[in-house]
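Listed below, chain by chain, are the residues.
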Amino acid sequence: MTNSYFPRPVDVKINMATGELDSPDSAYDRKLSQMYTMYEDQEAAQKLLGADPVIYKVYEKKLPELPGELQWCMSVTLPGKVGREYYMTKGHYHSVRETAEIYLCVAGEGYMLMETEQGDVEIKEMRPNTCVYVPAYWAHRSINTGGEPLISFCVYPGHAGHDYGSIETKGFKKRVVEIDGKPVIIDV
Ligand code: F6R
Ligand code: MN
């Protein structure tokens with residue numbers, strides 16, 4: 001090596017039933033107040049804001065944000081709905097668009113909604129042991145349609161970064177809502 005950067009191995013224990021890490025470098029809760037504008041039913045969202053429920057949690061191990069390295073985390077989307085729309089993550093593109101991600105679902109049920117800036121949309125079911133590959137250039141959002149937390153192990157390039165702004169502004173072209181007790185994918 002010609003510089004002082006030299007990564008060290010890291011290990012961590014994961015509780016696959018809860019998504020918790022034994023020694024996370026970062027753990028955060030995303031509450032409704034931080035994303036309520038993303039839901040279809042603003043009246044329902046306003047009513048829930050007093051209680052301000054946690055919609056999802058992320059447990060991370062911070063690794064070097066460099067090409068060649070990997071970042072990884074546990075993503076835990078809680079069960080629930082805002083109006084008829086299921087709890088979901090904010091969703092994002094990677095700042096470096098040419099970076100992909102792998103999600104391995106370990107518990108729960110739901111969907112991975114993916115979309116490109118050109119307007120292509122794909123949605124894949126998430127069930128325990130389902131591995132979804134999110135290619136480079138695809139925005140992605142997890143949606144929990146079940147009664148238990150939807151838990152995934154996520155791995156992505158170290159330098160990927162997160163661009164939330166585009167989705168905050170434009171949203172996704174599809175939503176997943178409950179109709180007659182079942183999840184239905186609808187156009188926005
Ligand atoms: C990382 C990634 C996931 C999400 C997590 C929370 O690139 O895709 O770990 O960060 O599921 O969702 P967002 O980041 O959309 O709030
Ligand atoms: Mn990502």
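Relevant structure appears above.
This is a predicted model, so every value here is computed, not measured.

1. Quick word on the overall build of the protein
Part 1 of the argument: What the protein contains, in helices and strands, is two helices and 15 strands.
Part 2 of the argument: Here the C-alpha atoms of the protein give a radius of gyration of 17 Å, agreeing with the 16 Å that 2.2 N^0.38 yields for 188 residues.
Part 3 of the argument: Referenced to the eigenvectors of the C-alpha coordinate spread, the extents of the protein come out at roughly 60 × 35 × 30 Å.
Part 4 of the argument: Of all 188 residues assigned to the protein, the portion counted as buried reaches 44%.
Part 5 of the argument: Excluding contacts between residues fewer than 6 apart, the proportion of contacts in the protein whose partners are at least 24 apart in sequence is 69%.
Part 6 of the argument: Total accessible area on the protein stands at roughly 9,700 Å², and carbon and sulfur atoms take up 50% of it.

2. Structural notes on the packing of aromatic side chains
Part 1 of the argument: Summed over all chains, the structure comprises one aromatic pair.
Part 2 of the argument: The interplanar angle of 45 degrees and the centroid separation of 5.5 Å between the aromatic rings of W72 and F153 together place this pair among those described as tilted. Here W72, found in strand β3 (residues 70-77), pairs with F153, found in strand β12 (residues 150-157); they are 81 residues apart in sequence, far enough to count as distant.
Part 3 of the argument: Cation over ring: R30 sits above Y164, and NZ or CZ is 5.9 Å from the ring centre.
Part 4 of the argument: Taking the ring centre of Y164 as reference, the NZ or CZ of K90 above it sits at 5.2 Å.

3. Thoughts on the site of ligand 1
Part 1 of the argument: Inspection of the region around ligand 1 gives 17 residues, with Y56, S75, Y103, H162 and Y164 positioned closest.
Part 2 of the argument: Measuring from an oxygen atom of ligand 1, one finds a side-chain N or O atom of Y56 at 2.5 Å.
Part 3 of the argument: In this structure, an oxygen atom belonging to ligand 1 sits 2.4 Å away from a side-chain N or O atom of Y164.
Part 4 of the argument: Compared with its free state, where it exposes 390 Å², ligand 1 has 98% of that area covered by protein.
Part 5 of the argument: Because more than half of its atoms lie within 2 Å of the grid, ligand 1 is assigned to the largest pocket.
Part 6 of the argument: At the level of elements, β2 (54-61), β3, β7 (101-107) and β12 are the ones that each hand at least two residues to the shell around ligand 1.
Part 7 of the argument: When grouped by side-chain class, the residues that make up the shell around ligand 1 number seven nonpolar, seven polar and three charged.

4. Overview of the sheet that holds strand β8 (residues 110-116)
Part 1 of the argument: As summarised here, the arrangement of the three strands in space is β9-β8-β11, forming an open sheet in which the pairing is antiparallel. Of all strands in the sheet, those with a lone pairing partner are β9 (121-126) and β11 (138-144), marking the two edges. In this sheet, adjacent strand axes meet at a mean angle of 20 degrees when their direction is disregarded.
Part 2 of the argument: Bridge count between β8 and β11: seven bridges; the pairing is antiparallel. Following the sheet pairing, Y111 is matched in β11 by I143.

5. Brief notes about the environment of Y111
Part 1 of the argument: For Y111, the location among the structural elements is in strand β8.
Part 2 of the argument: C-alpha separation for the pair Y111 and V176, spaced 65 residues apart in sequence, amounts to 8.5 Å.

6. Remarks on the coordination of the manganese ion (ligand 2)
Part 1 of the argument: Distances from the manganese ion (ligand 2) to its protein donors, H92 (NE2), H94 (NE2), E101 (OE) and H140 (NE2), fall within 2.1 to 2.3 Å.
Part 2 of the argument: For the manganese ion (ligand 2), the six donor atoms in the first shell make angles of 73 to 172 degrees at the metal, a pattern classed as octahedral.
Part 3 of the argument: Written as a sequence motif, the donor arrangement for the manganese ion (ligand 2) is H-x1-H-x6-E-x38-H. The two residues H94 and E101 agree in class, both being buried.

7. Details of the layout of surface pockets
Part 1 of the argument: Of the volumes computed, that of the largest pocket is approximately 240 Å³.
Part 2 of the argument: Together, 20 residues line the largest pocket, and Y28, V58, H92, Y103 and Y164 are the ones closest to its centre.
Part 3 of the argument: Every element with two or more residues in the lining of the largest pocket is listed here: β1 (26-31), β2, β3, β7, β11 and β12.
Part 4 of the argument: In terms of residue class, the lining of the largest pocket is made up of eight nonpolar, seven polar and five charged.

Thresholds applied
Residues numbered from 1 in each chain as written. Chains lettered and ligands numbered in written order. Predicted model: local features only at pLDDT ≥ 70, side-chain atom pairs only at ≥ 80, totals over all residues. Heavy atoms only, no water. Helix = DSSP H or I, 4+ residues; strand = E, 2+ residues; numbered from the N terminus. Rg over C-alpha atoms; globule rule 2.2 N^0.38 Å. Buried < 20%, exposed > 50% of the residue type's maximum accessible area, 1.4 Å probe, protein only. Contact = heavy atoms within 4.5 Å. Areas by Shrake-Rupley, 256 points an atom, 1.4 Å probe, with all protein chains shown as cover. Phe/Tyr/Trp six-rings, centres within 6.5 Å; stacked < 30°, edge-to-face > 60°. Lys NZ or Arg CZ within 6 Å of the ring centre and 35° of its normal. Near = heavy atom within 4 Å. Polar contact = N/O pair within 3.5 Å; in protein donor to acceptor, adjacent residues only side chain to side chain. 1 Å grid on protein atoms, 1.4 Å probe; cavity = no way out; pocket = protein on both sides within 12 Å on 5 of 7 lines; lining within 4 Å. Sits in = over half its atoms within 2 Å of the grid points. Nonpolar A, V, L, I, M, F, W, Y, C, P; charged D, E, K, R; others polar. Pairing = 2+ DSSP bridges. Axes fitted to C-alpha atoms, helices over the stretch in contact; angles between N-to-C directions. Donors = N, O, S within 2.8 Å, 3.2 Å for Na, K, Ca; no water. Tetrahedral: all angles 85-135°; square planar, octahedral: opposite > 155°, others 65-115°. Points joined across faces, edges and corners; volume = space filled by probe spheres on them.

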